[in-house]
Amino acid sequence: MRINPRFINRFVRMGLNVQAYFTVGILIIIVAIIFFKGFPHVNFAFIFSFPEDMGREGGIFPSIVGTIQLALLSILLATPLGLGTAVFLTEYTKESLFTKFIRFGVESLAGIPSILYGLFGFIFFVIKLKMGWSLLAGVLTMTIMILPTIIRTSEEAIRAVPRQLRIVSYSLSASKWETIKKVVIPAAIPGILTGIMLSIGRAVGETAAIIFTMGSSLRLPLSLMDSGRTMAVHFYILAREGISMEKAYGTAVVLVLSILLINILAYYIMNKAIARYS
Amino acid sequence: MIDRTVLKERFVKWVLVAFALSSLLFLFLIFIFILAEGLPLFLKVGLNKIIFGMKWAPTKGHFGIFPMIISSFLVTIGALVIGAPLGLSCAIYLSEYAGKRTRMLLKPAIELLAGIPSVVFGFLGVIYIVPLVRNYLGGSGFSLISTCLVLGVMILPTIISISFDALVSVPRTYREGSAAMGATKWQTIYKVIIPSAKSGILASFILGMGRAIGETMAVIMIAGNALKIPTSILDPLRTLTGNIALELAYATGDHRLGLFSTGVVLMVIIMILNYIANFGIKRKIAK
């Protein structure tokens, strides 16, 4: 018997519909569980006090500070490097063997799993360069990890800047670098910012690469050579060693909420940027 | 005399070249340092005894990682079995069926799923999936099946966004031609659109595999980390990534070298997967 194709069509449509909403449902459930279980444990004192008894009591202040230090310092290093690479790839060269090599490098870096960054950071920064488990080792490892994201998003943003803007700038006798600095980059700022926000999100959520480079000291890192732990690492240790489920949920709320906010802001900026030139 | 602006332009260009080369330099450093630590043991103990060795007891001179290689592949394939159909369906729904407003709502939501840290997935897996498996299927719950379920969800954003891009880039004229011949929407999708987007879809699966095989924190929380080849879906297992993460903090001497050897094997597998994925994507663009 031949089944009516229009019936199949309707059936498939329904099936796909269900699966798409199922996927979004998973996201909503994950966020909902974390929030419902965690919010009762989050208050002013939890955020602004120091942990006591390995995190069984007290708050998560040092890990919040550690997270912010790690994210901001890595961005500070990765942005000039990544933006510079993107400018070079878009404005200074035509596609050639050389750009292919660089693109190969960027793609490969993007594909390396975080545990291998952890291994590398551990042997290179922590052991060979004798930094020990420190904020500095964590920041340097993280910088390399987020570099591909910054390069890709900046490159796309710069490519989207209309040619006319550059031509007008040249016609006013601006040099190439002046054009890039004063015309191209300002026009591409929203796209570049999106990359920066996504990278901050990645730095905030990373665990495997950070735990072996920055370590997991519970103290507040006061210098680049101090070890510290980020929220993600703190959460991992609380959960895995079964130290305190309440504190783990509380940390998870702060962690997930900050990542969601950062990423939503990133997509908001991106949509603004798309609306600008289309 | 050369003009100052010209000098400045030249200076800027060389600085930018140096910046651009930094990515290659970092890649090279990562490669060299992991190889330099990981290879000596291959020479000392023997490639066969490491890759096909069944016993991992690094303090007693046994560095066999064969069970971990098998386990890594098992969780990856399991994750793909769960994630690929679901992800592809979502991508098809988003690109072919969803209205503009639904798409504007669902796509960012799925991308946000990608931002949730793997420790959170691992934690929820331990709290919800592991007991579910323990109560309804048996065993300890820390098992192959739990790991695959969680990894299957974790690779969804990768699969959805890359296959979505492949589906959307199929030219409009293909759809119109098919519709003009009286095909229903679904007939158009599976006879015309999916075949033309095939390489992009395959690339999304392979990149999803890359994500699954490289995943660490969620896996060590759920997999149970036992040192043998799992014989059922309810058995615990240890992956290559898990092996590194579990022992790196306290390993010394040959033990540490063994972990870097594990890293070398992982790196080779990832490189092969990425090469295949890039090859797939490039072929799509060339077409």
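The rules behind these values
Residues numbered from 1 in each chain as written. Chains lettered and ligands numbered in written order. Predicted model: local features only at pLDDT ≥ 70, side-chain atom pairs only at ≥ 80, totals over all residues. Helix = DSSP H or I, 4+ residues; strand = E, 2+ residues; numbered from the N terminus. Buried ≥ 20, exposed ≤ 12 C-beta atoms within 10 Å, placed from the backbone. Contact = placed C-beta atoms within 7 Å. Nonpolar A, V, L, I, M, F, W, Y, C, P; charged D, E, K, R; others polar. Domains from an automatic or database assignment. Expected span 1.5 Å × (residues − 1). Core = buried A, V, L, I, M, F, W, Y, C linked by C-beta atoms within 7 Å. Axes fitted to C-alpha atoms, helices over the stretch in contact; angles between N-to-C directions. Parallel < 35°, antiparallel > 145°, perpendicular 65-115°, else oblique. Left-handed = near helix turned anticlockwise from the far one by under 90°.

A. Summary view of the overall build of chain B. Counting secondary structure elements, chain B contains 13 helices and two strands. Counting across all 287 residues of chain B, residues that qualify as buried make up 49%. If you take every contact in chain B between residues at least 6 apart in sequence, the share linking residues at least 24 apart comes to 72%.

B. Examining the interface of chain A and chain B more closely. In this complex, chain A contributes 65 residues to the contact, which on the side of chain B involves 64 residues. Elements supplying a minimum of two residues to the side of chain A that touches chain B: helix 1 (5–38), helix 3 (61–92), helix 4 (97–111), helix 5 (114–128), helix 6 (135–160), helix 8 (176–205), helix 10 (231–240) and helix 11 (245–276) of chain A. No other element matches the 17 residues that helix 1 of chain A contributes to the side of chain A that touches chain B. Here the residues of the side of chain A that touches chain B are counted per class, giving 45 nonpolar, 15 polar and five charged.

C. Region of interest: the environment of A:Val253. Residues and elements named next belong to chain A. Along the chain, the position of valine 253 falls in helix 11. For the pair valine 253 and alanine 32, spaced 221 residues apart in sequence, the C-alpha to C-alpha distance is 9.9 Å. For valine 253, the contacting residues outside a window of four places in its chain are Ile34, Phe35, Gly38, Phe39 and Val42.

D. Structural detail: the domain arrangement of chain A. Residue and element names in this part refer to chain A. Parsing chain A into structural domains produces domain 1 (5–41) and domain 2 (44–276). For domain 1 and domain 2, the distance between their C-alpha centroids amounts to 30 Å. Counting residues at the interface gives seven residues for domain 1, matched by eight residues for domain 2. Classifying every residue of the side of domain 1 that touches domain 2 gives four nonpolar, two polar and one charged.

E. Expanded view of helix 1 of chain A. Across its 34 residues, helix 1 of chain A extends 49 Å between first and last C-alpha, which sits within 8% of the 50 Å expected from 1.5 Å per residue. Three or more residues of helix 1 of chain A are buried, namely A:Val12, A:Leu16, A:Ala20, A:Thr23, A:Leu27, A:Ile34 and A:Gly38. Residues of helix 1 of chain A that are buried sit in contact with helix 11 of chain A together with helix 3 (66–97), helix 4 (100–115), helix 5 (118–136), helix 7 (156–168) and helix 9 (185–196) of chain B.

F. Inspection of the nonpolar core at higher detail. Residue and element names in this part refer to chain A. Core analysis: the biggest nonpolar cluster contains 174 residues, and Leu116, Phe235 and Ala252 have the highest contact counts within it. No other element matches helix 6, which puts 14 residues into this core. Counting contributing residues per domain, this core is built from domain 1 (5–41) and domain 2 (44–276), each supplying no fewer than three.

G. Just the packing of helix 3 of chain A against helix 1 (residues 4–45) of chain B, in detail. Two elements in contact, helix 3 of chain A and helix 1 of chain B, have axes whose closest approach is 8 Å; the angle formed by their N-to-C orientations is 110°. Considered as vectors, helix 3 of chain A and helix 1 of chain B are oriented roughly perpendicular to each other. Once helix 3 of chain A is placed against helix 1 of chain B, the crossing between them reads as left-handed. Counted together, A:Leu81, A:Gly84, A:Thr85, A:Val87, A:Phe88, A:Leu89 and A:Tyr92 of helix 3 of chain A and B:Lys13, B:Val15, B:Leu16, B:Val17, B:Phe19, B:Ala20, B:Ser22 and B:Ser23 of helix 1 of chain B form the full contact between these two elements. Residue composition of the contact of helix 3 of chain A with helix 1 of chain B, by class: ten nonpolar, four polar and one charged.

H. Inspection of the packing of helix 3 of chain B against helix 6 (residues 144–154) of chain B at higher detail. All names here are of chain B. Interhelical geometry of helix 3 versus helix 6 gives an angle of 55° and a closest axis separation of 8 Å. Considered as vectors, helix 3 and helix 6 are oriented oblique to each other. At the point where helix 3 passes helix 6, the crossing takes the right-handed sense. Side by side, helix 3 and helix 6 meet where Leu74, Val75, Gly78, Ala79, Ile82 and Gly83 of the first sit next to Leu144, Thr147, Cys148, Leu149, Leu151 and Gly152 of the second. Looking at the contact of helix 3 with helix 6 residue by residue, the class counts come to eight nonpolar, four polar and no charged.

I. Examining the environment of B:Arg134 more closely. Residue placement: B:Arg134 occurs in helix 5. Sequence separation between B:Arg134 and B:Lys185 is 51 residues; the distance between their C-alpha atoms is 43 Å.

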